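Examination of the molecular architecture
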Amino acid sequence: MHPPFMMPTVAVKSWLQLAIIIVLWPACRKETTVERNIKAEMLAAVNALRQTGCTCGATYMPPVKPLIWHDTLASAALAHARDMDANNYFNHISPGGTSPIQRAMALGYAGNTVTENIAKGYTSIETLMEAWQQSESHCKAMMDSLPTEMGAANVNTYWVQEFGH
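Keep in mind it's a predicted model, so treat the numbers as computed, not measured. The residue numbers shown here count from 1 along each chain, following its written sequence. Local features in this predicted model are restricted to residues whose pLDDT is 70 or higher, and side-chain atom pairs enter the listing and the counts only when it is 80 or higher, whereas totals over whole chains, interfaces and linings include all residues. Just so you know, side-chain values use all the structure's heavy atoms and leave hydrogens and water out.

Below, the discussion takes up the overall build of the protein chain. In terms of helices and strands, the protein chain carries six helices and seven strands. For helices the rule is a DSSP run of H or I covering at least 4 residues; for strands it is a run of E covering at least 2, with both sets numbered from the N terminus onward. Helices and strands appear in the protein chain in the N-to-C order α-β-α-β-β-β-α-α-β-α-α-β-β. Each residue gets one of three labels from its accessible area relative to the maximum for its type: buried under 20%, exposed over 50%, partly exposed in between, using a 1.4 Å probe on protein chains only. Scored against the burial criterion, the 165 residues of the protein chain give a buried share of 37%.

A few words now on the packing of helix α2 (residues 39-52) against helix α5 (residues 125-134). Fitting a line to C-alpha atoms yields each axis, with helices limited to the stretch in contact; the angle taken between N-to-C directions then spans 0 to 180 degrees. Their axes nearest at 11 Å, the elements α2 and α5 cross at an angle of 35 degrees. As α2 runs across α5, the sense of the crossing is right-handed. In contact with E41, M42, A45, V46 and L49 of α2, α5 contributes I125, E126, L128, M129, W132 and Q133. Considered class by class, the residues forming the contact of α2 with α5 number eight nonpolar, one polar and two charged. Should the near helix be turned anticlockwise from the far one by less than a right angle, the crossing is termed left-handed; should it be turned clockwise, right-handed. In what follows, residue pairs with any heavy atoms lying within 4.5 Å of each other are defined as contacts. Any residue outside Ala, Val, Leu, Ile, Met, Phe, Trp, Tyr, Cys, Pro, Asp, Glu, Lys and Arg is labelled polar, Gly included; the first ten of those are nonpolar and the last four are charged.

Pasting the structure below:
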């Protein structure tokens, strides 16, 4: 028989296992996904750049017409940002092999072309836009006169812009 202040070995093991589960449980959960509504802020930032013009690399890009928001392009951007975040990759082509135009068309986009900017690791539109402006190809995508529509999304630190016409 055990003294009154000692627990039987089986009970101690059970309590110890429960304590370990309680301590480790938060480590097993994935961090909460944060999806921000960036529609107004992103559209304003891109259109401000387009209105003033800028130099992309060594190429001066004159002012161009503003873009209008397109919900289907925004849905395609959100789906791609979610996919990159969930599957821990960073690429314009998904692991399943789909391209930006294919993803947009699968959601019902009826335009002829889609170009895409992606980024990872930024926490604000301001720093993101600065980085994209410093990258010649990203800057030119934002300043291209052919697209008339855009959609964009942010999931955690993954950012996607879709431009179409």
